[in-house]
Amino acid sequence: MPMKIAVCIKRVPDSETRVKIAADGKSLDEAGVKFILNPYDEFAVEEALQRKEQAGSGEVVVIALGPAAAQETIRTALAMGADRGTLLQADRIPADGLAAATALAAELKGGGYDLILFGKMAIDDYNHQVGPMVAELLDLPCVTTVAHLEIEGGKGVAEREIEGGLEVVEFPLPAVLTTDKGLNEPRYPPDRKEGKIVGEGGAAVAELVRLLREEAKVL
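Calculation criteria
- Residues numbered from 1 in each chain as written.
- Predicted model: local features only at pLDDT ≥ 70, side-chain atom pairs only at ≥ 80, totals over all residues.
- Heavy atoms only, no water.
- Helix = DSSP H or I, 4+ residues; strand = E, 2+ residues; numbered from the N terminus.
- Buried < 20%, exposed > 50% of the residue type's maximum accessible area, 1.4 Å probe, protein only.
- Contact = heavy atoms within 4.5 Å.
- Polar contact = N/O pair within 3.5 Å; in protein donor to acceptor, adjacent residues only side chain to side chain.
- Pairing = 2+ DSSP bridges.
- Axes fitted to C-alpha atoms, helices over the stretch in contact; angles between N-to-C directions.
- Phe/Tyr/Trp six-rings, centres within 6.5 Å; stacked < 30°, edge-to-face > 60°.
- Lys NZ or Arg CZ within 6 Å of the ring centre and 35° of its normal.

Chemist: Can you walk me through the environment of G131 in this structure?
Modeler: Among the secondary structure elements, G131 is positioned in helix α4 (residues 130-138). For G131, a relative accessible area of 5% corresponds to the buried category. As for G131 and A101, which are separated by 30 residues in sequence, their C-alpha atoms are 7.3 Å apart. Not counting residues within four places of it along the chain, the set of residues in contact with G131 comprises F118, V176 and T178.

Here you go:
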């Protein structure tokens, strides 16, 4: 049975990046900051890809809310194997979780998704709130911080780690889930092949043409 899955992803600063406060005293100075796909969202993307593969067919759609630069974050998910991506372009990601959830829910509504996945939280704000808010706005069941998942016959069973043990939750599809570390091992886009320096100045042009003709065979 085909699975149509949406994964809502977020562009966040790399946790190893040194950040500075902007002149307004309230926002991040993005100069020199490296941005990445939110690590918890990687588990969500991977889970969607595995569910589609197990079903044998279907579609994985990634959705990001943010500035034009978030296209790069979408491309990361596409390189992992997602089928298509949608950018809900805004000058900046809203600080208010409900504003973000409202925009995402409007895009997701009527999309016919069997599953809507989020990372359990974004590492820049630690709010844990947008996924459950989207579920509430769409009137769908929601299970958060999923560490193990089984889906069969239009329903699922999720395990979530709680203080002192595991909680097991059964739910019908469609549903909204937020993913925790350990649910799977995200695949990573293949590294680019090492580049080649062909020389400097005018002499390099002839060598480049030769390589393009004889090795790359594009001329």
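What follows picks up the thread again.
Chemist: I tried to follow the side chain of E47 on my own but got confused; where do I start?
Modeler: Note that E47 resides in helix α1 (residues 39-55). In this structure the side chain of E47 is engaged in a polar contact, spanning 3.0 Å, whose partner is the side chain of N184. Not counting residues within four places of it along the chain, the set of residues in contact with E47 comprises L117, L149, L183 and N184.

Chemist: What should I look at first to understand the sheet that holds strand β12 (residues 175-179) in this one?
Modeler: Strands in a sheet are paired, the pairing made by backbone hydrogen bonds, and the direction either parallel or antiparallel. Reading across from one edge, β7-β6-β1-β8-β12-β9-β10-β11 is the order of the eight strands in this open sheet, with mixed pairing throughout. On the outer flanks of this sheet lie β7 (84-89) and β11 (165-172), each paired with one strand and no other. Here the average twist between neighbouring strands, direction ignored, is 30°. Bridging between strand β9 (residues 142-152) and strand β10 (residues 155-162) involves six bridges; their strand directions are antiparallel. Within β10, the residue paired with I151 across the bridge is G156.

Chemist: Can you walk me through unusual backbone geometry in this structure?
Modeler: Among all residues save glycine, negative phi is the norm, and among peptide bonds the norm is trans. With an omega dihedral of 0°, the bond running from L173 to P174 counts as a cis peptide bond. Of note, P174 is situated in the loop between β11 and β12. Of note in this structure, Y126 is not a glycine but carries a positive phi near 55°. You can see Y126 is positioned in the loop between β8 (115-119) and α4. If you check the backbone angles, D139 has positive phi at about 55° while not being a glycine. Relative accessible area serves as the criterion here: at 70%, D139 is assigned to the exposed category.

Chemist: Would you mind going over the packing of aromatic side chains with me for this structure?
Modeler: The final tally for this structure, using the stated rule, is one aromatic pair. Here the aromatic rings of Y40 and F43 are separated by 6.5 Å at their centres, their planes lie at 50°, and the arrangement is tilted. Separated by three residues within a single helix, Y40 and F43 lie in helix α1, roughly one turn from each other. You can call Y40 buried: its relative accessible area is 16%. Relative accessible area serves as the criterion here: at 12%, F43 is assigned to the buried category. Just above the ring of Y113 sits the side chain of K4; from NZ or CZ to the centre is 4.9 Å. In this structure, R11 is placed above the aromatic ring of F35, and the distance from its NZ or CZ to the ring centre is 3.6 Å.

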